[in-house]
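Residue-level listing of the chains:
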Amino acid sequence: MCMRLLTCLGLCMFSAMFTYASDTPEPILPGVWKIRLGSPEKLTPLKYRTKSPAKDGFSSLPSVPQFPLQPDEIGFETTPRGCVVSLPFSKSERFYGLGMSTNTFELAGRKAWVVPSDHPEETTNESHGPEPFFVSSHGYGVYFDTARYAAVSFGNSYLKGGEMNVEAEIPTAHGVDVYVFAGPSMREAVQRYNLFSGGGPLPPLWGLGIAYRGKGDFSAADILQLSKSFRDTDMPCDIFGVEPGWQTQTYSSTFVWNTAKFPDPGDFIAQMHAMDFRISMWEHPFTHPTSPIHEALIPYSGDHQVWGGLVPDFATEQGRKVFVGWQDKVLFSKGVDSVKIDEVDNQPFKPDPWSFPDFSKFPSGLDGEQMHSLIGVLEQQAMLAPLKAKNLRTWGLVRDSGALAAPLPYTLYSDTYDHTCYLRGLTKIGFGGHMWVPEVRDAKSVADLVRRVQTVIFSPYAMINCWYMKMPPWLQIDAGKANAGEQMPEAAEATGYVRSAFKLRMSLIPYLYSAFNDYHQTGLPPLRALVLDYPDDPETVKIDNQFMFGPSLMAAPMVDGVSKRSVYFPSGDWYDFFTGEKIAGGRRVEVSKGLDQMPLYVKGDCLLPLAEPVNHVGKDTTFKIHVRVYGSHPAPFTLYEDDGETFDFEQGDQSQVVLSWDGAKGSSKRSGTYTPIRNEILNWEPMGS
Ligand code: GAL
C-alpha cells in the first residue's frame with residue numbers, strides 16, 4: 001500500500017525531500033490506526049499526555065477490522081511553510097469537530113483554524129478548546145498529533161485537475177503522526193478518540209450540583225454571608241467560587257492570600273465546608289515579581305512576560321514543582337477542592353494582552369505557538385497532582401484546553417455572552433473531548449435570565465458566574481443596580497423560576513452520574529448533537545441548538561427570553577418531561593413554553609431515575625429516587641454508587657444498580673462492593689405506553 005504524493009510543480013523539490021516513516025496504517029488499538037507521515041516534531045500533545053488509553057473501553061464498541069479509508073487516498077507533502085496532509089472529500093460528506101468554537105458547526109466547504117483564542121465566537125473556528133480532531137459522516141475520525149496552529153479545509157478549494165480534498169496544513173512541521181478512528185458511525189469514532197485520550201473523567205458527585213462564583217473583590221465575610229443566605233432560602237448550591245481578589249496582587253498574581261479580606265484562610269474554608277460548600281479558587285499562571293515563587297520560577301519560565309509576570313513552563317518538571325508546590329501549600333493543603341484556571345487562552349491582538357508571542361522560547365524547548373496550544377492542558381494536568389495525592393477527585397474550570405483532553409476534569413467557560421453561541425457550544429461538545437459551560441451572569445430581562453439558567457443546568461458544570469455582581473441575578477439582573485444593593489421588583493418571581501430550574505438539575509444528578517460513568521468507561525460524551533445519535537436522519541445534520549443529555553433526555557433550550565421555538569423530534573416516540581404528553585417523532589414541532597418550563601423531552605422506551613432534589617450533595621447523601629417509566633418496553637438503566645469523591649472506584653469500590661421494568665412492575669438489582677446505599681428507589685411511575 002503506498003500513500004499518494006501530492007503533486008504540484010512548484011513544490012516537487014520539497015516533496016522529494018520527505019520520506020514516509022511508515023506508509024501502512026499501523027493498528028494500535030481496536031479500530032484505531034496510526035500513520036507516520038514525514039518526520040514529525042518531537043513536542044506534540046501525545047508526548048505530554050498523562051493518561052494512557054482506556055483500553056478496556058474498546059470492548060464496548062463494535063469491532064471494525066478494516067481501515068476506514070483507502071490508504072492511497074491519503075496524501076502528504078512538505079512545503080516551505082510546513083506540511084500538508086490530504087484526505088478524501090466527497091460532496092455528500094459532512095464534517096464536525098476541531099474543538100470548541102461556538103460559531104461553527106458542520107464544516108463541509110469551510111476552512112477552519114485550530115488555534116487558541118479569547119474569541120470562540122468567530123466563524124473562523126479559533127476557540128478556547130482547539131482540538132486537531134474531526135469526524136466525518138462517512139463514519140471515521142482523524143486526529144493530527146500537533147501543537148501547531150493547524151488549518152483544515154474541508155473541500156474548500158479545487159486542485160488544478162478539479163478535485164477537492166480535505167487538506168490539513170500544519171505550519172513549521174516536516175511531518176505528523178495521523179491517527180484514524182473507525183466508526184461504524186461518527187459516534188463510535190468519537191468514543192474511540194476519547195478512549196485513546198484516556199476516557200472521560202468521573203466528576204465528584206458535588207461537581208454535578210450548582211456552582212456560584214462571587215464578586216471579584218468579595219471578602220471571606222461576604223462569601224460566608226451569601227453562602228448562608230443560599231442555605232437559608234433553599235437555593236441549591238454545591239460549589240462556591242472565589243475570584244481573583246483573594247490575593248495580595250493580581251494580573252499578574254502573587255498567589256498569596258490577602259489577609260485584610262481573608263484573615264484566616266483555613267478557618268474560612270473550614271466554615272464553608274461545615275455548610276457543605278466546596279471551594280473553587282480563581283488563578284492564572286502569570287506569576288508577579290512579588291510572589292514568593294517568582295525567583296525560583298525564573299529558570300523555568302518563558303522568555304516573555306504577561307502583565308509583568310512570569311509564564312511558568314509547565315512542560316518542565318521543575319516548573320511544575322515550583323508552581324504547583326506553592327499552590328498545594330496555600331490552597332489544596334488548606335482544603336480547597338478545585339480551581340478555575342483563567343486566561344490560558346490567547347489574546348494576541350489587544351493592547352496589553354494576556355499572551356506571549358508565538359516566537360517566545362521556553363526551557364522545555366517549546367516555542368510560543370506550541371505553548372499556546374498546550375499551556376491549558378499542561379496546567380490542568382499539573383494542578384491535579386496535589387488532589388490526586390490526597391485521593392480526591394475534583395471538578396474545575398479552564399479558559400483554554402486542547403487535544404486529548406477527555407480525561408481532564410475541567411469545563412471550558414468564556415466571557416463572551418451570546419446565548420445562541422453558548423447553546424451551540426453545548427451541542428458541539430460531543431464531537432470531541434471537551435466540556436463547556438454557558439455561564440450565567442446578568443441579564444436583559446427576567447425571561448432572558450430564566451432561559452439562560454434553563455440552558456446552564458444542562459451543562460457538565462451548572463455555573464452562575466457573578467464575578468462583577470454583588471447580588472445574585474435572581475435578585476437583580478442589572479449589574480450596576482446589583483452593586484448598588486438595589487433588589488429588583490420581580491426578585492421573588494425570578495427567584496422562584498431559578499430555584500425550580502436548580503432543583504431540576506439536582507433531581508438529575510444520579511442520572512447524570514450514570515452518563516459520566518459511561519463517558520469514563522466507553523468514551524461516550526454525556527452531551528451529544530442529534531447527528532451523533534441519529535446519523536441517518538438528514539434533518540439532524542445541521543441542528544446546533546438541541547442536544548441529547550445523557551442516554552434519554554433531549555434538551556432544546558430557548559434563547560433570548562423567548563417562549564416559542566421549533567424543536568425537531570427524530571423518529572420514535574418522545575414525551576414532554578413536564579406534561580407527560582406523547583409526541584410522535586420524525587417531524588418538527590413549534591413548541592410554546594412559559595417560564596416555568598422549557599423544551600425538555602424524554603425518549604420513548606426508557607427508564608428515567610429522578611431524585612428528590614437535595615439542596616446540596618453531602619458526603620452521605622442518599623438520593624430518593626422515583627423511576628419514571630416511558631413506553632411499554634423500556635431499556636434497563638444502570639445507576640452507579642460509590643463514595644462520590646475519591647478514586648477508590650478505580651480499584652473497584654463501586655456498585656451498580658440495574659433498574660428494569662417487566663411490563664407491570666419494576667425491579668432493581670444491586671451488585672458490586674460499595675455498600676452504603678446512595679440511591680433509595682421509592683417508586684415506579686408509568687408515564688404512558
Ligand atoms: C476573567 C474571567 C471571568 C472572571 C474575571 C475576573 O478573565 O473570564 O470569569 O474570573 O476574569 O476578573
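Up top is the structure these notes are about.
About the criteria used
- Residues numbered from 1 in each chain as written.
- Predicted model: local features only at pLDDT ≥ 70, side-chain atom pairs only at ≥ 80, totals over all residues.
- Heavy atoms only, no water.
- Helix = DSSP H or I, 4+ residues; strand = E, 2+ residues; numbered from the N terminus.
- Buried < 20%, exposed > 50% of the residue type's maximum accessible area, 1.4 Å probe, protein only.
- Axes fitted to C-alpha atoms, helices over the stretch in contact; angles between N-to-C directions.
- Parallel < 35°, antiparallel > 145°, perpendicular 65-115°, else oblique.
- Left-handed = near helix turned anticlockwise from the far one by under 90°.
- Contact = heavy atoms within 4.5 Å.
- Nonpolar A, V, L, I, M, F, W, Y, C, P; charged D, E, K, R; others polar.
- Phe/Tyr/Trp six-rings, centres within 6.5 Å; stacked < 30°, edge-to-face > 60°.
- Near = heavy atom within 4 Å.
- Polar contact = N/O pair within 3.5 Å; in protein donor to acceptor, adjacent residues only side chain to side chain.
- Areas by Shrake-Rupley, 256 points an atom, 1.4 Å probe, with all protein chains shown as cover.

(A) Fine view of unusual backbone geometry. Cis geometry is adopted by the peptide bond preceding P184, which originates at G183 and carries an omega value of 20°. As for its position among the elements, P184 is in the loop between β12 (174–182) and α3 (186–197). Of note, the amide linkage connecting Y251 to S252 takes the cis form, showing an omega dihedral of -5°. Along the chain, S252 falls in the loop between β14 (239–242) and α5 (265–274). Positive phi values are uncommon outside glycine, yet F255 reaches one of about 60°. The residue F255 is located in the loop between β14 and α5 in this model. A positive phi angle, close to 65°, is found at D276, a residue other than glycine. Positionally, D276 belongs in the loop between α5 and β15 (278–283). Of the residues examined, D276 reaches a relative accessible area of 26% and is grouped as partly exposed.

(B) Fine view of the packing of helix α9 (residues 419–428) against helix α10 (residues 446–456). Between α9 and α10, whose axes approach to 11 Å, the crossing angle comes to 10°. Considered as vectors, α9 and α10 are oriented roughly parallel to each other. Considering how the two elements wind past one another, α9 and α10 form a crossing that is left-handed. Contacts between α9 and α10 involve H419, Y422, L423 and L426 on the former and, on the latter, D448, R451, R452 and T455. Residue composition of the contact of α9 with α10, by class: 3 nonpolar, 2 polar and 3 charged.

(C) Inspection of the packing of aromatic side chains at higher detail. Overall, the coordinates contain 45 aromatic pairs when judged by the stated rule. Residues Y212 and W474 carry aromatic rings whose centres are separated by 5.9 Å and whose planes lie at 70° to one another, so their mutual orientation is edge-to-face. Remark: W474 occurs in the loop between β19 (462–465) and α11 (479–483) and Y212 occurs in strand β13 (residues 210–213); sequence separation between them is 262 residues. Classification of W474 as buried rests on a relative accessible area of 4%. Judged by centre distance (5.3 Å) and plane angle (70°), the rings of F262 and F268 are edge-to-face. On the basis of relative accessibility, which here comes to 1%, the residue F262 falls in the buried class. Through pairs of rings, three or more aromatic residues link up here, namely F133, Y143, Y179, F181, Y193 and F196.

(D) Region of interest: the site of the ligand. Near the ligand the following residues occur: E243, P244, Y251, W282, K340, D342, E343, R399, Y413, D415, N465 and W467. Y251 is positioned such that a nitrogen or oxygen atom in its side chain is 2.3 Å from an oxygen atom of the ligand. Here an oxygen atom of the ligand sits 2.5 Å away from a polar atom, N or O, in the side chain of D415. Protein contacts shield 93% of the accessible area of the ligand, which totals 310 Å² for the unbound molecule. Here the residues of the shell around the ligand are counted per class, giving 5 nonpolar, 1 polar and 6 charged.

Remember that the coordinates give geometry; whether it matters functionally is a separate question.
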